[in-house]
Amino acid sequence: MLLMVQNRKSQVSVVFILLMYVNVALAMPFDGESLTFHAYYQGPFSGQKKIGIADVQWKTQRIDLNVPEKTAIETRMEVSSEAYDFVETLYPFRLVYRSLISLQPMKSIAYERYDSTDKHGRELTWLDAESSSALRFREGYADGRETDSQLPSVIVSWGSQRQDYQFYKPARHKALPQMVDEMALLQHVRVEDLSVGAQFEIPVTDGKRQYLYKVSVVGSEPLTMANKSWDALKIKFDGYRIKHGKSKQDHDTVWVWLANTPQRTPLRFEHQNAIGRFVIDLQSLTIMGSVTNRNYYNETVN
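Residues numbered from 1 in each chain as written. Predicted model: local features only at pLDDT ≥ 70, side-chain atom pairs only at ≥ 80, totals over all residues. Heavy atoms only, no water.

Per the counting criterion, the structure on display carries 11 salt bridges. One salt bridge connects Arg268 with Asp281, and the closest N-O pair in it is separated by 2.8 Å. Placement of Arg268 in strand E15 (residues 266-273) and of Asp281 in strand E16 (residues 276-287) is noted, with a sequence separation of 13 residues between them. Across this residue pair, the class does not change: Arg268 and Asp281 are buried. A single network of salt bridges, built from pairs that share partners, joins Arg113, Glu123, Arg136 and Arg138. (Salt bridge = Lys/Arg side-chain N within 4 Å of Asp/Glu carboxyl O. Helix = DSSP H or I, 4+ residues; strand = E, 2+ residues; numbered from the N terminus. Buried < 20%, exposed > 50% of the residue type's maximum accessible area, 1.4 Å probe, protein only.)

What follows is the structure in structure tokens.
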């Protein structure tokens, strides 16, 4: 039982740092971008060896909401431990996360999650800007209650394969102006004017709870990856859970390295907690069907 708990914590740690980055489509130049990452673990459960634990793929695309002057971006992330026998033996997982954001202004519209280890199936949270409500819907959920809470048709159409989403209950917070879901957090940071010493505070939802992320650019340093040296910005993310008007730090610091170029290409993510060190490295980048080479962004992605 303890082993299952520890492996569940490992999965949560991996997903957590993935979500810090997953929405990379910060503007139209990133429309049609597809990325592949590898996640690694090093700690007592691997004999202090660095081992692969998950493959990550996600894509961004423009979504037509049939609303004048309303541009939206969808990001879809899939995480799988299928290729890693160590994880498959102990705690296999398959995850699908989808985020829909508005760029004018930048804020989340809806956020969908599927976790193969969660008995509840798919869940979708709609951030209703008109009523400032955050409403949760579950696939096939039914408790016999009558409710006026319904997803708008555009969100129903966007939901995965038009699942039978039924109202579950409100989230534990309001939909704040310019609130983003956890998939869109780094996206928000990437559009900022990043310089060493810059600091930001961003309201975030995980679909259920409210957080405040304090983000700071702590320095610039060389980073060697894929046999290349990069000039990278090192960025610190600290998340605080907001409950009853009070804040409490929710997790250990997450570190993110972005290429110090106009594109701010993410290079590495790192999170360390009581059960070990988790690192996620970018492996490949494809734009509109062509794998990028060393000249595309003046950045190397292998």
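Bringing the pairing of strand E14 (residues 254-259) into the picture now. Counting buried residues along E14, 5 of its 6 residues qualify, which places the element largely inside the surrounding structure. The sheet contact formed by strand E12 (residues 228-243) and E14 spans 6 bridges and is antiparallel. Across the sheet, residue Leu233 finds its bridge partner in E14, namely Leu258. Taken together, the 5 bridges between E14 and E15 define a ladder with antiparallel strand orientation. The residue of E15 that forms the bridge with Trp257 is Arg268. The antiparallel hairpin formed by E14 and E15 contains 6 residues in its connecting segment, where Arg264 sits at a positive phi of about 55°. (Pairing = 2+ DSSP bridges.)

If you look at the biggest cluster of nonpolar residues, it comprises 47 residues, and the most contacted ones within it are Phe37, Leu194, Ile202, Val215 and Phe237. Beyond its immediate stretch of four places on either side in the chain, Ile202 contacts Val180, Leu185, His188, Val189, Tyr211, Leu212, Tyr213 and Val215. One finds Leu135, Phe137, Ile155 and Tyr165 within the second-largest nonpolar core, a separate group that totals 15 residues. (Core = buried A, V, L, I, M, F, W, Y, C linked by side-chain atoms within 4.5 Å. Contact = heavy atoms within 4.5 Å.)

Okay, the side chain of Asp206 next. For Asp206, the location among the structural elements is in the loop between strand E10 (199-205) and strand E11 (210-225). Asp206 gets classed as buried once you look at its relative accessible area, which sits at 9%. Residues in contact with Asp206, not counting those within four places in the same chain, are Tyr111, Arg113, Glu182 and Tyr211.

A separate point is unusual backbone geometry. Glycine aside, residues mostly have negative phi, and peptide bonds are mostly found in the trans state. Positive phi values are uncommon outside glycine, yet Ser132 reaches one of about 60°. With respect to the element layout, Ser132 can be found in the loop between strand E6 (123-128) and strand E7 (133-139). Overall, Ser132 belongs to the partly exposed group, its relative accessible area being 31%. One non-glycine residue with positive phi stands out, namely His244, at about 55°. By the secondary structure assignment, His244 is in the loop between E12 and strand E13 (246-249).

Let us look at the confidence of the model for the chain. The predicted model of the chain averages 79 in pLDDT, with 78% of residues at 70 or higher. Low confidence marks residues 289-302, where pLDDT is under 50. Its contacts with residues over four positions away, or in another chain, come to 34 contacts. (pLDDT = per-residue confidence, 0-100.)

Okay, the packing of aromatic side chains next. How two aromatic rings sit relative to each other is given by the distance of their centres and the angle of their planes. Throughout the structure, instances matching the rule amount to 4 aromatic pairs. Between Phe137 and Phe167, the aromatic rings sit 5.6 Å apart at their centres with planes inclined by 75°, giving edge-to-face as the arrangement. Residue Phe137 is found in strand E7, and its partner Phe167 is found in strand E8 (residues 165-174); the two are separated by 30 residues along the sequence. Of the two residues examined, Phe137 and Phe167, each falls in the buried class. Looking at Arg138, its charged tip hangs above the ring of Tyr168, at a distance of 3.8 Å from the centre. The ring centre of Tyr240 lies 4.9 Å from the NZ or CZ of Lys214, which sits over that ring. (Phe/Tyr/Trp six-rings, centres within 6.5 Å; stacked < 30°, edge-to-face > 60°. Lys NZ or Arg CZ within 6 Å of the ring centre and 35° of its normal.)

Moving on to the environment of Ser247. Structurally, Ser247 is set in strand E13. What makes Ser247 partly exposed here is its relative accessible area of 49%. When the C-alpha positions of Ser247 and Leu212 are compared, they lie 8.0 Å apart, and in sequence the two are 35 residues distant. What Ser247 contacts, discounting residues up to four positions off in sequence, is Tyr240, Arg241 and Ile242.

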